Amino acid sequence: MSTGSEDGVLRSILPPGRVNSVFGFCGQHAWTLLFVGGVLGALPPVFGLEEGYYMTVLSEMFLFGILALSWDIVGGQTGYPSFGNMAFFGIGAYTTAILVKDVGTAFPVAMVGAGLVAVVFAAIIGAAVLRLRGHYFAIATLGVLLAAQQVSRNLEITGGASGKILLDVPPGTAFYYLFLGLLVAEMAVVYYLSNTRFGFVLNAIRDDEEKATSMGFNTTYYKTAAWMLAALFTGAAGGGYSLFNTFINPQTAYNGAWNVELIAMALIGGSGTVFGPVIGAFGLHTIIEIVETAFVGWQLVLLGAAVIVTVIGFPEGLVGTLREYAGEMEYYKRGGMAATSTDDTEVATDE
Amino acid sequence: MAVTQFVVNGLLVGALFAAVAVGFALIWGVVDIINLAHGEMVMLGGYTAYWILSIATGTAEGSVLLFLATIPAVGGVLFVVGYGLQRTLVQRVIGTDIFLTLLVTFGISIAIQQLAIQAWTANPRSIQVSFADTSLSVAGVVVPKMKLVAFAGAIALTAAMYLFLQRTRTGRAIRAVSQNPEAAALVGIDVERTRAVTFGISSAIAGGAGAFIATILNIQPQMGLIYTLKSFIIVVFGGVGSIPGALVGGLLLGSVEELTAGLVSSQWTLAVSFTLLIVLLVVRPNGLFGEVAEP
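In this text the structure is predicted, and so the values were computed from the model without any measurement.

### Some points on the confidence of the model for chain A
Caution applies to low-pLDDT parts of the model: their predicted coordinates are not meant to be read in detail.
Residues and elements named next belong to chain A.
Part 1 of the argument: Here chain A averages 82 in pLDDT, while 91% of its residues score no lower than 70.
Part 2 of the argument: When pLDDT is averaged over each element of chain A, helix α11 (residues 219–244) comes out on top at 92 and helix α19 (residues 341–350) at the bottom at 42.
Part 3 of the argument: Confidence over residues 338–351 falls short of pLDDT 50; this stretch has two contacts with residues more than four positions distant or in other chains.

### Let's talk about the nonpolar core
Part 1 of the argument: One finds A:Phe179, B:Leu16, B:Ala18 and B:Ala209 to be the most contacted residues of the largest nonpolar core, which totals 203 residues.
Part 2 of the argument: Per-element accounting of this core gives the leading share, 17 residues, to helix α1 (residues 2–31) of chain B.
Part 3 of the argument: Once residues within four sequence positions are removed from consideration, B:Leu16 is found in contact with B:Ala150, B:Ala154, B:Ala209, B:Phe212 and B:Ile213.

### With respect to the confidence of the model for chain B
All names here are of chain B.
Part 1 of the argument: Residues at a pLDDT of 70 or more form 95% of chain B, whose mean pLDDT is 85.
Part 2 of the argument: In the model, residues 290–295 has pLDDT below 50 throughout and makes 16 contacts with residues more than four positions away in sequence or in other chains.
Part 3 of the argument: For this predicted complex, the interface score ipTM comes out at 0.76, alongside a pTM of 0.82.

### Comments concerning the interface of chain B and chain A
Part 1 of the argument: Counting residues at the interface gives 33 residues for chain B, matched by 35 residues for chain A.
Part 2 of the argument: Contributions of two or more residues to the side of chain B that touches chain A are made by α4 (98–120), α9 (224–238) and α11 (269–283) of chain B.
Part 3 of the argument: Top contributing element to the side of chain B that touches chain A by residue count: α4(B), with 14 residues.
Part 4 of the argument: When the residues that make up the side of chain B that touches chain A are grouped by side-chain class, the tally is 27 nonpolar, five polar and one charged.

### Re the packing of helix α4 (residues 53–77) of chain A against helix α13 (residues 256–269) of chain A
Residue and element names in this part refer to chain A.
Part 1 of the argument: Where α4 meets α13, the axes come as close as 8 Å, and the angle between the chain directions of the two elements is 75°. What the angle tells us is that α4 and α13 run roughly perpendicular. Along the contact surface, α4 presents Phe 64, Leu 67, Ala 68, Trp 71, Asp 72, Gly 75 and Gly 76, while α13 presents Leu 262, Ile 263, Met 265 and Ala 266.

### Quick look at the pairing of strand β4 (residues 141–144) of chain B
Residues and elements named next belong to chain B.
Part 1 of the argument: Pairing analysis gives four bridges linking strand β3 (residues 135–138) to β4, with the strands arranged antiparallel. Across the sheet, the residue bridging to Leu 136 is Val 143, located in β4.
Part 2 of the argument: In sequence, β3 turns back onto β4 through a hairpin of two residues, with Ala 139 there showing a positive phi of about 50°.

### Things to note about unusual backbone geometry
Part 1 of the argument: The backbone phi angle of A:Thr246 is positive, close to 55°, even though this residue is not glycine.
Part 2 of the argument: Relative to the helices and strands, A:Thr246 resides in the loop between α11 and β2 (247–248).
Part 3 of the argument: A count of 12 C-beta atoms within 10 Å places A:Thr246 in the exposed class.
Part 4 of the argument: With a phi angle near 60°, B:Thr121 is a residue other than glycine that sits in the positive phi range.
Part 5 of the argument: The topology assignment puts B:Thr121 in the loop between α4 and β2 (128–129).

### With respect to helix α15 (residues 299–313) of chain A
Part 1 of the argument: With 15 residues, α15(A) extends 20 Å between its outermost C-alpha atoms, agreeing within 8% with the 21 Å of an ideal straight helix rising 1.5 Å per residue.
Part 2 of the argument: Buried within α15(A) are the following residues: A:Leu300, A:Leu303, A:Gly304, A:Ala306, A:Val307, A:Ile308, A:Thr310 and A:Val311.
Part 3 of the argument: Looking at the packing, one finds that the buried side of α15(A) touches α13 and α14 (276–294) of chain A together with α4 of chain B.

### Brief notes about the environment of A:Gly79
Residue and element names in this part refer to chain A.
Part 1 of the argument: By the element assignment, Gly 79 lies in the loop between α4 and α5 (86–103).
Part 2 of the argument: Sequence separation between Gly 79 and Phe 64 is 15 residues; the distance between their C-alpha atoms is 20 Å.
Part 3 of the argument: Residue contacts for Gly 79: discarding those within four places in its chain leaves Ile 205 and Arg 206.

Rules and cut-offs
Counting starts from 1 at the beginning of each chain's written sequence and moves along it residue by residue. The naming scheme follows written order: chains are lettered A onward, ligands numbered 1 onward. Reporting of local features is limited, given that this is a predicted model, to residues whose pLDDT is at least 70; pairs of side-chain atoms are given and counted only at 80 or more, and all residues count toward the totals for whole chains, interfaces and linings. A score from 0 to 100, pLDDT tells how confident the predictor is in each residue. The numbering of helices and of strands both runs from the N terminus, where a helix is a DSSP run of H or I of at least 4 residues and a strand a run of E of at least 2. In this description, any two residues whose backbone-derived C-beta atoms lie within 7 Å of each other are considered to be in contact. As used here, a nonpolar core is made of buried Ala, Val, Leu, Ile, Met, Phe, Trp, Tyr and Cys residues. They are joined through C-beta atoms within 7 Å. Exposure classes come from backbone-placed C-beta atoms, where a residue is buried if 20 or more other C-beta atoms lie within 10 Å of its own, exposed if 12 or fewer do, and partly exposed in between. Note on residue classes: Ala, Val, Leu, Ile, Met, Phe, Trp, Tyr, Cys and Pro are nonpolar, Asp, Glu, Lys and Arg are charged, and everything else, Gly too, is polar. Think of each axis as a best-fit line through the C-alpha atoms, taken over the contacting stretch in the case of a helix, with angles from 0 to 180 degrees between the N-to-C directions. Here the angle decides the label: under 35 degrees means roughly parallel, over 145 means roughly antiparallel, 65 to 115 means roughly perpendicular, and every other value means oblique. The rule for pairing is simple: two strands pair if DSSP sees at least two bridges between them. Expected span of a helix: the number of residues minus one, times 1.5 Å.

Set out below in structure tokens:
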């Protein structure tokens, strides 16, 4: 994918073989790395990170990690790019808000409830929209998001356009661990699934759904299951968010800009991978947070620009691009350009 | 009687929706992408007319003729914007994954919208067109004159585009590219240029419709997405690539919205529209009139 002289410099500083061995190491010790990452993430509050700006930013980073990875289960692994994942988030957020404030349930119960309500909603909506493909699926999910937003705006129980204010909330540290725990759990689940039959079927659906069907897989079942799994984590994260934010209204719960943000995160990090979306979420959220502090109001302009540049420049994302780079040595050993490159382009145009 | 009034209102607004949707359908048919930044062209068109009038008169008010005189200028500006977007950004992702084309246009949409907020603030604005007598009444149905002008303008824009596609050489080239880009290239049509022109024309029509929308409703930087989605509803309803279908779809959507607003509550119009979108997609993904499109 790259030619030119600056490539030679890059190759001498960072040989593809070394990148490849890093990937190999990560692949072999993924469980250990995940465990170490989780422990490292849990340390800052123990060593004196006080509640405040930095803890909020870190919690939000974990939150976006959850959302981006959930999006990627359906968008990246299964190849159904949804523009409506925030509908699950909003439904989860409203469910906890209503359960905690109006019904008086304890917060942990309410959060589990949020996840379950989102899953039920996903099952019903999924049966309808997962039959669609391409443009139609993307727009239908966007329609689901906006319809859910409008319904919440008009109902009595959700507090209408002014939303709900939640005053009696747990301390910030609780949310820090909550989002961290959810993120680690989700990464473990996604990583585990990516090596099971279930994960392989999802990837097969992404690569060629007809072929997957003709091999005897009930693709609707797999798609709906993936969609519900994404809804479970997104809904639970939303359930945590409404109390974390102490305030929820249709605009924040069903935030269309966030939906693009989490797609951008998954894409920048590398969609279809386990660690990519999380890396993308941490990176992009840090950048957005810095821009938001330095130039208020410009963060969404940046988001739009970031999406355009990523899509045009390196649609494989960070992990995907690196993996391609790492595979370069293998590629030369197998005969270089003559053996692979032209074939690849032909296949691409045939589709 | 009230129902008749709602339907008339709906038809008047619906023609504008149709004019927006026609451009959306054109890009979909010819370039084979869903332009999620289409609503932003409506918004930019509204603002262009607003600023031209403001500079010409000092306030955003004027007579009908003065307002109509801004329309060609709006069309020209938006043509350049659309042509430029296709040539610089969208062209690079054509032929790749559908999802990437959607994301690029979504990125453009956000960037334009947010830049507009930075430049012009998020306050809604509108163009005041002065009449001696603001509305006329036919058999008990009240029709504001400006809505009638907007209706006529929207129909004129749609008809102009239809004639352009049918009668001119460029129009034929556009239709050829929409049918088969490779064959079109074989007979000597510059496919990339034709696509860019298509983008330009579509944006120009959307911009013209946006200028009319600024006179009867209002404009604000974040209005775009709703118009994009309405266009999508209309095109799905009327069938991809069918201009008469889009016109009927627009008029129907306008009527449904006004009836919902009149009989239930104006808060529910958008919820009804989006639910209609999902139901339509699931039940009739090929549209009611359209040629069979790949679902």
